[in-house]
Amino acid sequence: MNSNNVSQYNIYPKEAFWNLSPTELEIISIKNKAAKKTNLGAISVNTGKFTGRSPKDRFIVKDETTSKNIFWSNINIPINEKYYKKLYTGITEYLKNKNIYVRDVFACDHPKHKLNVRIINEYAWSNLFCYNMFLRPSKKELNDFTPSWIVINAPGFKANPTLHGTRQENFAIINFTKKTVLIGGTAYTGEIKKSIFSILNFILPFEKNILSMHCSANVGENNDTAIFFGLSGTGKTTLSADPNRRLIGDDEHGWDNEGVFNFEGGCYAKCINLNKEGEPDIYNAIKSGALLENVGFYEKSNKIDFKDKFITENTRVSYPIHYIKNSISPSRSGNPKNIFFLTCDANGVLPPVSSLDTGQAMYHFLLGYTAKVAGTEEGVIEPQKTFSACFGEPFLPLHPTFYAKLLGKQIKKHNAKVWLINTGWTGGSYGEGERIKLKYTRNIISAVLNNNFAEINFTREKIFNLNIPEMCPNVPKEILNPKNTWSNKEKYTEKAKELAKSFNENFLRFEEHVTEEMKQGIPKNI
């Protein structure tokens, strides 16, 4: 198409390729020696220096639109509009006389909330990622397409911190007034999808009073919806890919009064140590059209070595959601019956499963305790204790209590049950204990979904005040109470109190905005 189609953005490329097919994008990527065809049919790319998000380099333009509405912090970092203008000029000049790839997509699989987004990519394979991850308009919808937001993604353009007001050469900048996102200096595709997530985390709650969520979701034969909160590496994608249930989505959703709807049109799964037996749905989705990132290969071959961590542990694959055979379309369902908070407790003191009342749910949601696992962010090479409000703090433009209050309101209105699930360590902390077996976590989730706990007694744990079931089908009874798994019970109690104090210290940062009900989750007896 004529390059004048993007001249309205002051972009004058050599040629602009619009809405190419996955096959066309694969061919271009291989021809440009930016990708290789793998033994499973998908192409694979190396994202270069950045193999994960860089949260300290995400900025929001501070202006009349945002100054009073954004929760400014070390997460929502303000940048002056003058720097945005300089970066916009720089990135558009950089793209001059280059081939670019333009894609028109939707976010939000719901007719009332759909967001029109135009994405301009420097690389063909980045454009393939956008095809996979967002909702794909029909030909008729493309003919009538008018974008609400523009994303300009140029990994090869590097910022000058002195000139552009950034921290370093890479950046992701959201301008709510101009409805534009600029991404440069990093080829990690996750920055694209998370920029759209951040936008929706402002628009939906603030403007429409709809809860936006960093979660996966699926639905059973009886139309019982379940949602799974958790940071990358805690099991959202793995646990929601259940052969006995239909997948709604694996990462980002909204919850209005009609139910849950997916923001995306694809999945972005971790694939380190992936195997066909353990995660068949994800493995089988790796075929032509899918995009692998930073995986290793067996020597002198195109055969993927899923165990290879040489580049990063954060190896990824993106694919359209219809590559999962039991996904549903449209990607939405009714109000959730069960809500799971997935926490990877590297301290080894939280139980594999416990039930939460509404106050406790808001408390644990607000804290978002887990461990960052290796590779999901730059510099993370082993589990690190962290608190990420609402299990997605890097993407929340509003104060976290805004989302927690919306969650509490929805739980009460729709009578949802909430469960805290530890997918981390048992029998000791990281380095001493062992990771809770995935099969046990799957059996716990199944027990909840099958309502097996309805006739089982629960015991109240004394430090975190959690309700722990005394038994669970197909799960060893001794692991349900974590204290029983530690050989040194005094050391367990010491570690549990240490973690509880961390909870209380972290909760203090929300103190001015929390409700009395949220305080019900505060640990006792420490």
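Quick note: structure is the one above.
Residues numbered from 1 in each chain as written. Predicted model: local features only at pLDDT ≥ 70, side-chain atom pairs only at ≥ 80, totals over all residues. Heavy atoms only, no water.

S.K.: In this structure, what is going on with the overall build of the protein chain? I would like to understand it.
M.R.: When helices and strands are counted, the protein chain shows 12 helices and 30 strands. Against the compact-globule benchmark of 24 Å for 526 residues, the protein chain has a radius of gyration of 23 Å, which places it among compact chains. Considering only contacts within the protein chain whose residues lie at least 6 apart along the sequence, 72% involve residues at least 24 apart. Carbon and sulfur atoms make up 46% of the accessible area of the protein chain, which amounts to about 21200 Å² in all. (Helix = DSSP H or I, 4+ residues; strand = E, 2+ residues; numbered from the N terminus. Rg over C-alpha atoms; globule rule 2.2 N^0.38 Å. Contact = heavy atoms within 4.5 Å. Areas by Shrake-Rupley, 256 points an atom, 1.4 Å probe, with all protein chains shown as cover.)

S.K.: Looking at this model, I keep getting lost on the pattern of salt bridges. Mind explaining?
M.R.: For side chains of opposite charge, pairing can occur when their charged atoms come near one another. Scanning the model with the defined rule gives 21 salt bridges in all. Between Asp104 and Arg118 there is a salt bridge whose closest N-O contact spans 2.7 Å. With a gap of 14 residues between them, Asp104 in strand 6 (residues 99-107) and Arg118 in strand 7 (residues 115-121) connect regions that are remote in the sequence. Residue class for Asp104 comes out buried when judged on its relative accessible area of 4%. (Salt bridge = Lys/Arg side-chain N within 4 Å of Asp/Glu carboxyl O. Buried < 20%, exposed > 50% of the residue type's maximum accessible area, 1.4 Å probe, protein only.)

S.K.: Quick question: what am I supposed to make of the packing of aromatic side chains here?
M.R.: We describe a pair of aromatic rings using the distance from one ring centre to the other and the angle between the two ring planes. Following the criterion strictly, the structure yields 34 aromatic pairs and no others. With 6.0 Å between their ring centres and 25° between their planes, Phe341 and Phe365 make a pair best called stacked. Note that Phe341 is positioned in strand 22 (residues 336-343) and Phe365 in helix 9 (residues 358-367), a separation of 24 residues in sequence. Each of the two residues, Phe341 as well as Phe365, counts as buried. Judged by centre distance (6.4 Å) and plane angle (40°), the rings of Trp419 and Phe458 are tilted. Of this pair, Trp419 sits in strand 26 (residues 417-422) while Phe458 is found in strand 29 (residues 458-460), placing the two residues 39 residues apart along the sequence. Ring pairing ties together the aromatic residues Tyr363, Tyr369, Phe387, Phe464, Phe503 and Phe507, which thus form one cluster. (Phe/Tyr/Trp six-rings, centres within 6.5 Å; stacked < 30°, edge-to-face > 60°.)

S.K.: Quick question: what am I supposed to make of the sheet that holds strand 6 here?
M.R.: Strands belonging to one sheet form pairs held by backbone hydrogen bonds; the direction of such a pair is parallel or antiparallel. Spatial ordering of the open sheet is given by 1-6-7-8-10-9-4-5, a layout of eight strands whose pairing is mixed. What marks the edges here is a single partner per strand, and that holds for strand 1 (15-18) and strand 5 (77-80). With strand direction ignored, the average angle separating the axes of adjacent strands in the sheet is 25°. The pairing of strand 8 (residues 149-154) with strand 10 (residues 180-184) spans five bridges and is parallel. If you follow Ile150 over to strand 10, its bridge partner there is Thr180. Across the sheet, helix 2 (residues 81-94) lies against strand 4 (58-62), strand 5, strand 8, strand 9 (171-175) and strand 10, angled at about 65° from strand 10, the strand it touches most. Against the sheet, helix 3 (residues 124-133) contacts strand 6, strand 7 and strand 8, and its axis sits at roughly 10° relative to strand 6. (Pairing = 2+ DSSP bridges. Axes fitted to C-alpha atoms, helices over the stretch in contact; angles between N-to-C directions.)

S.K.: Any chance you could explain the sheet that holds strand 16 (residues 266-270) here in plain terms?
M.R.: Taken together, five strands build an open sheet; the order of strands is 2-3-17-20-16 and the sheet is mixed. The open sheet has two edge strands with one neighbour each: strand 2 (36-37) and strand 16. Each of strand 3 (43-45), strand 16, strand 17 (291-293) and strand 20 (316-320) touches helix 3; the most contacted strand, strand 20, lies at about 55° to it.

S.K.: Would you take a moment to explain the nonpolar core for this structure?
M.R.: Grouped burial of nonpolar side chains is what soluble globular proteins tend to show. Core analysis: the biggest nonpolar cluster contains 96 residues, and Phe341 and Phe464 have the highest contact counts within it. Considering every element that reaches this core, the biggest residue donor is helix 6 (residues 190-208), with eight residues. Ignoring sequence-local partners within four residues, the contact set of Phe464 consists of Val349, Leu350, Gln360, Ala496, Leu499, Ala500, Phe503, Gly521 and Pro523. Judged by nonpolar contacts, the second largest core, of 25 residues, contains Val61, Tyr84, Ile100 and Leu182. (Core = buried A, V, L, I, M, F, W, Y, C linked by side-chain atoms within 4.5 Å.)

S.K.: Can you help me understand the side chain of Ser212 in this one?
M.R.: By the secondary structure assignment, Ser212 is in strand 11 (residues 211-219). Among all residues touching Ser212, those that are not within four sequence positions of it are Leu200, Asn201, Pro205, His253, Gly254, Phe263 and Tyr403.

S.K.: For this particular structure, what's the right way to read the state of the cysteines?
M.R.: A covalent bond bridging the sulfur atoms of two cysteines is what the word disulfide describes. For the coordinates displayed, the defined rule picks out zero disulfides. Cys267 supplies the cysteine sulfur nearest to Cys271, a cysteine that is in no disulfide, at a spacing of 13 Å. With no disulfide of its own, Cys472 lies 19 Å from the sulfur of Cys344, the closest cysteine sulfur. Classification of Cys472 by relative accessible area gives buried; the value is 4%. (Disulfide = S-S within 2.5 Å.)

S.K.: Whenever I open this one, helix 1 (residues 22-31) confuses me. Can you help?
M.R.: Along helix 1, the residues that are buried comprise Pro22, Leu25, Glu26, Ile28 and Ser29. All buried residues of helix 1 lie within an arc of 165° about the axis, which places them on one face of the element. Of the exposed residues in helix 1, those oriented more than 90 degrees away from the buried face are Ile27 and Lys31. Tucked inside the fold, the buried residues of helix 1 contact strand 2, strand 3, strand 6 and helix 3. (Arc of directions from axis to C-beta.)

S.K.: Teacher, can you tell me more about the pairing of strand 23 (residues 353-356) here?
M.R.: Successive residues of a regular strand alternate their side chains across the two faces of the sheet. What you see with strand 23 is no split at all: Val353 and Ser355 on one side and Ser354 and Leu356 on the other are buried throughout. Examined bridge by bridge, strand 23 and strand 26 share four bridges and lie antiparallel to one another. The residue bridging Val353 from the neighbouring strand is Ile421, located in strand 26.

S.K.: Would you mind going over the packing of helix 3 against helix 6 with me for this structure?
M.R.: When two helices pack together, you describe them by how their axes are tilted relative to each other and by the distance separating the axes. Contact geometry for helix 3 and helix 6: axes closest at 10 Å, N-to-C directions at 45°. By the criterion of interaxial angle, the relationship of helix 3 to helix 6 is oblique. For the element pair helix 3 and helix 6, the recorded crossing hand is right-handed. Contacts between helix 3 and helix 6 pair Phe129, Cys130 and Met133 from the former with Gly190, Ile192 and Lys193 from the latter. Classifying every residue of the contact of helix 3 with helix 6 gives four nonpolar, one polar and one charged. (Parallel < 35°, antiparallel > 145°, perpendicular 65-115°, else oblique. Left-handed = near helix turned anticlockwise from the far one by under 90°. Nonpolar A, V, L, I, M, F, W, Y, C, P; charged D, E, K, R; others polar.)

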